[in-house]
Amino acid sequence: MTGSEGANPDREEHIGKYINRLSKDIRYSINGYLLEKGYTMTGEQCRILGYIRYCNDHGSCVYQKDIENSFGIKRSSVASILANMEKGGYIVREVDGADARVKKVILTEQGQNLQREMGRTIRMIEDIITKDMSDKDISELIRLTSLAISNLESSGLLGDCCGKEREKSKEKETSDKC
């Protein structure tokens, strides 16, 4: 099946409406939780903390470029996010011994504690979202959303920030050890 064969132009409802709504509702839930607990960061910053923790736990160094590529975020936005996270005491940036031009991003104890708490919160939100779904339904949801992401990435519509560069970042993650 080619890309145009999968879409039904006569369909009155569009899947983007539901994906966008779910994404917003999850984001609002996480941001509301953070605000309620007195944290001064967004859900996106928490996702970045989770990425840093995951990479560090698996022996990989994290650099600003990795975050740009993995999240499809512009360099200036990532620089601002990291500066705020550093100011808040959640991360530190250390000069890389192999290349003084780049800095490794490392979680502080405060960042690790918040990330653990957010992990529990995200699991709770996912439990709510999938409450009436079977394991098969959840697997199918993951499969279909992964397929949609892959289709969009391979379409060329996203440009380099989310396509080829993301692949380079995945390769780097598996080869770069701290």
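Each remark here, short or long, concerns the structure printed above.
Residues numbered from 1 in each chain as written. Predicted model: local features only at pLDDT ≥ 70, side-chain atom pairs only at ≥ 80, totals over all residues. Heavy atoms only, no water.

S.K.: Before we move on, could you go through the overall build of the protein chain and cite the residues and values that matter?
M.R.: Helix and strand content of the protein chain: seven helices and two strands. Listing the helices and strands of the protein chain from first to last along the sequence gives α-α-α-α-β-β-α-α-α. Burial analysis of the protein chain (178 residues in total) assigns 26% to the buried set. A separation of at least 24 residues holds for 56% of the contacts in the protein chain among residues at least 6 apart in sequence. Here the protein chain has roughly 12,100 Å² of accessible surface; of this, 53% comes from carbon and sulfur atoms. (Helix = DSSP H or I, 4+ residues; strand = E, 2+ residues; numbered from the N terminus. Buried < 20%, exposed > 50% of the residue type's maximum accessible area, 1.4 Å probe, protein only. Contact = heavy atoms within 4.5 Å. Areas by Shrake-Rupley, 256 points an atom, 1.4 Å probe, with all protein chains shown as cover.)

S.K.: Give a detailed account of the nonpolar core, specifying residues and quantitative values.
M.R.: Note on soluble globular proteins: their nonpolar side chains tend to be buried together. Counting residues in hydrophobic clusters, the biggest one holds 24 residues, and the most contacted among them are Leu49, Ile52, Ile67, Met85, Ile91 and Leu114. Counting residues per element, the ones that place at least two in this core are helix H1 (15-36), helix H2 (43-57), helix H4 (75-87), strand S2 (103-107) and helix H5 (109-129). When near neighbours in sequence (up to four residues on either side) are disregarded, isoleucine 52 contacts Val62, Ile67, Met85, Ile91, Val105 and Leu107. (Core = buried A, V, L, I, M, F, W, Y, C linked by side-chain atoms within 4.5 Å.)

S.K.: Talk me through the packing of aromatic side chains; I want residue IDs and the actual numbers.
M.R.: Scanning the entire structure with this criterion turns up one aromatic pair. Considering the side-chain rings of tyrosine 51 and phenylalanine 71, the 5.5 Å spacing of their centres and the 85 degrees angle between planes classify their relative orientation as edge-to-face. With tyrosine 51 in helix H2 and phenylalanine 71 in helix H3 (residues 64-71), the pair connects residues that are 20 residues apart, well separated along the chain. (Phe/Tyr/Trp six-rings, centres within 6.5 Å; stacked < 30°, edge-to-face > 60°.)

S.K.: Describe the pattern of salt bridges, listing the residues and the values that go with them.
M.R.: Per the counting criterion, the structure on display carries seven salt bridges. Taking the shortest distance from any N to any O, the salt bridge between arginine 21 and aspartate 25 comes out at 2.8 Å. On the criterion of helical spacing, the pair formed by arginine 21 and aspartate 25 is a turn pair, its members being four residues apart in helix H1. As a salt-bridge pair, aspartate 99 and arginine 101 come within 2.9 Å of each other at their nearest N and O atoms. A residue is classified by how much of its surface remains accessible, and arginine 101, at 74% relative accessible area, is exposed. (Salt bridge = Lys/Arg side-chain N within 4 Å of Asp/Glu carboxyl O.)

Nothing here speaks to function; it is geometry throughout.
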